[in-house]
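# Examining the three-dimensional arrangement
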Amino acid sequence: MKEEEVNRCQIQEWYPKFKSISIKTLIHELPESFVQYLLDDSGPFLLPISVMNEDALPNRIHNPYEEEDYQVSEGSGDEAEQPSSSPLSFPDLELAIKESIKTLGGAIFPKLNWSAPKDSSWISTTGTLRCTSFSEIALLFRSSDSLVHDLCHAYDSCSDKNSTRPHSFFLALRKWYPSFRPDMEFRCFVKSQNLIGISQREVTTFYPALVEKKDDLRALIHDFFVDKIRPRFESENFTFDVYVTGDERVKLVDFNPWAEFTLPLLFTWEELEQGFEEEKEVKVEFRIVESRREVRPGLKTAVPYDYLDTSPGSGWDQFFRNAGEELRHQNMSSDAGA
């Protein structure tokens, strides 16, 4: 795989060419200061201060009685620990994004050059990628591990690697459709400019209706590839995602490089690489989850393991031990003072 093939799959590169058959999208070049904010893991997890007072998470309810418990007397040692740096804020970017979200109907889902932060959707208030403000986008991006690939490792698999990262990063704001049906999104695999495989995109659920529509969907997506994609996308090997609407229109969602960091879903990369090499007439293999027994785990369940793990030695186990020790210490102090 060449760097040019990876670059071709960046949304700011392909979207202008395929705009008429894709989801309505507005793209912003990100300032380097925001990119460095996403990369910085040296300190606490902080979200930018919103200049429009639109926070990603609910504010803590003001309780003056609790404030009395946390007052710091003048000259105490704790006072020196208060943060002295100015609040983190990106006002120009926030205002531009606010205007774009309004243009797109009030709600969007975001992505970087190549990737969307699907692995961090669990942390949003809706459990989805739906965003209505800059703060919600920042929360998803700052919480995502998958975006680290875009930021640091996009060219690691390239045979002619000369770059460690793209020159610029872009934020794509894509119109959010409440009627979107996850069962109608598919990933397509193209080798030597031939469509060889189609996979159900959402592999964590069994959709009985797909079994009945399988043959029709295969033909619909294949015709879309032949007419709209193959003549205009220059790479020999690549993947692309599509969405089929209720009235059987096919919409282009994304392009991805032909590489192991792209999820093969119901295929394996080994069979995609080797399975069709000797066939003259390339057959499009269409795979869906055929029964509930075939459902696979996926990004839908991507809550960090540490968040759930309560086994001995885990973070939660240590937390409960420390809390118990502190409670015992407080009880002993109370008894001594009685």
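Use the structure listed above.
Scoring rules and cut-offs
Here the residue numbers are simple positions, counted from 1 along each chain's written sequence. Totals for whole chains, interfaces and linings use every residue, but because this is a predicted model, local features are given only for residues with pLDDT of at least 70 and side-chain atom pairs only at 80 or more, for both listing and counting. Hydrogens and water are ignored here; the side-chain numbers use all heavy atoms of the structure. By the criteria applied, helices consist of DSSP H or I runs no shorter than four residues and strands consist of E runs no shorter than two, each listed in order from the N terminus. Multiplying one less than the number of residues by 1.5 Å gives the expected span of a helix. Exposure is judged per residue with a 1.4 Å probe applied to protein chains only, and the accessible area is read against the type maximum: over 50% gives exposed, under 20% gives buried, and values in between give partly exposed. Note: the arc covers the axis-to-C-beta directions of the helix. Residues are treated as being in contact if the distance between any of their heavy atoms lies within 4.5 Å. A pair of strands is considered paired only if DSSP assigns at least 2 bridges between the two. Between the N-to-C directions of two axes lies an angle of 0 to 180 degrees, each axis being a line fitted to C-alpha atoms and, for a helix, fitted only over the stretch in contact. Basic side-chain nitrogens of Lys or Arg form a salt bridge, by our definition, when they fall within 4 Å of a carboxyl oxygen of Asp or Glu. In this tally, Lys and Arg are treated as positive and Asp and Glu as negative; His is ignored, and so are the chain termini. Any N or O atom pair separated by 3.5 Å or less is treated as a polar contact, with the protein-specific requirement of one donor-capable and one acceptor-capable atom, and with residues adjacent in sequence counted only for side-chain atom pairs. Under this scheme an angle from 65 to 115 degrees is roughly perpendicular, one under 35 degrees roughly parallel, and one over 145 degrees roughly antiparallel; angles in between are oblique. Helix crossings fall into two classes, left-handed where the near helix is turned counterclockwise from the far one by less than a right angle and right-handed where it is turned clockwise. As a working rule, the residues Ala, Val, Leu, Ile, Met, Phe, Trp, Tyr, Cys and Pro are called nonpolar, Asp, Glu, Lys and Arg charged, and the rest polar, with Gly in that last group.

### Examining helix 5 (residues 91–103)
Here helix 5 spans 19 Å end to end across 13 residues, near enough to the 18 Å set by a 1.5 Å rise per residue. All buried positions along helix 5 are accounted for by L93, E94, I97, S100 and I101. Along helix 5, the residues classed as buried sweep out an arc of 130° about the axis, all on the same side. Exposed positions of helix 5 whose direction lies more than 90 degrees from the buried face are D92 and K102. If you follow the buried residues of helix 5, they end up packed against strand 1 (25–29), helix 3 (32–39), strand 2 (108–111), helix 6 (134–143) and strand 3 (170–175).

### Regarding the sheet that holds strand 5 (residues 194–200)
Spatially, 7-6-4-5-8 is the arrangement adopted by the five strands of the open sheet, whose pairing is mixed. Looking along the sheet, the strands with just one partner apiece sit at the ends: strand 7 (250–257) and strand 8 (285–287). Recorded for the sheet is a direction-independent mean angle of 20° between the axes of neighbouring strands. Across three bridges, strand 5 lies against strand 8 in parallel orientation. The residue of strand 8 that forms the bridge with I198 is F286.

### Details of the pattern of salt bridges
Overall, the coordinates contain 15 salt bridges when judged by the stated rule. Two residues, K161 and D156, come together in a salt bridge whose shortest N-O distance is 3.0 Å. A residue is classified by how much of its surface remains accessible, and K161, at 40% relative accessible area, is partly exposed. On the accessibility criterion, D156 (41% relative accessible area) is partly exposed. The partner of D241 in a salt bridge is R201, and the shortest N-O contact between them spans 3.4 Å. With D241 in strand 6 (residues 238–244) and R201 in the loop between strand 5 and helix 8 (208–229), the pair connects residues that are 40 residues apart, well separated along the chain. In this pair, the class of D241 matches that of R201, namely buried. When salt bridges with common partners are traced through the structure, they connect E4, R8, K17 and E234 into a single cluster.

### Here's the deal with the environment of L88
Structurally, the position occupied by L88 is in the loop between helix 4 (64–69) and helix 5. Take L88: its relative accessible area is 32%, and that puts it in the partly exposed class. With 40 residues separating them in the primary sequence, L88 and P48 have C-alpha atoms 4.9 Å apart. Beyond its immediate sequence surroundings of up to four residues, L88 is in contact with Y37, L46, P48 and I49.

### Considerations on the side chain of D119
Its place among the elements puts D119 in the loop between strand 2 and helix 6. The side chain of D119 sits in the buried core without any salt bridge; K118 is the nearest counter-charge, 10 Å away. For D119, the side chain forms a polar contact with the side chain of S144, separated by 2.7 Å.

### Describing the packing of helix 3 against helix 6
When two helices pack together, their arrangement is given by the angle between their axes and by how far apart the axes lie. As a packed pair, helix 3 and helix 6 sit with axes 9 Å apart at the nearest point and diverge in direction by 45°. Relative to helix 6, helix 3 is oriented oblique. For the pair helix 3 and helix 6, the sense of crossing is right-handed. In this structure, helix 3 uses F34, Y37 and L38 to contact helix 6, whose residues at the interface are F134, F141 and R142. Along the lines of polarity and charge, the residues of the contact of helix 3 with helix 6 split into five nonpolar, no polar and one charged.

### Observations concerning the pairing of strand 6
Within strand 6, seven of the seven residues are buried, which leaves it mostly tucked inside the rest of the structure. Bridge count for strand 4 (residues 185–191) against strand 6 is six bridges, and the pairing is antiparallel. Counterpart to C188 in the pairing with strand 6 is F240. Relative to strand 7, strand 6 runs antiparallel, the two being bridged by seven bridges. In the sheet register, F238 faces strand 7, and the bridge partner there is P257.

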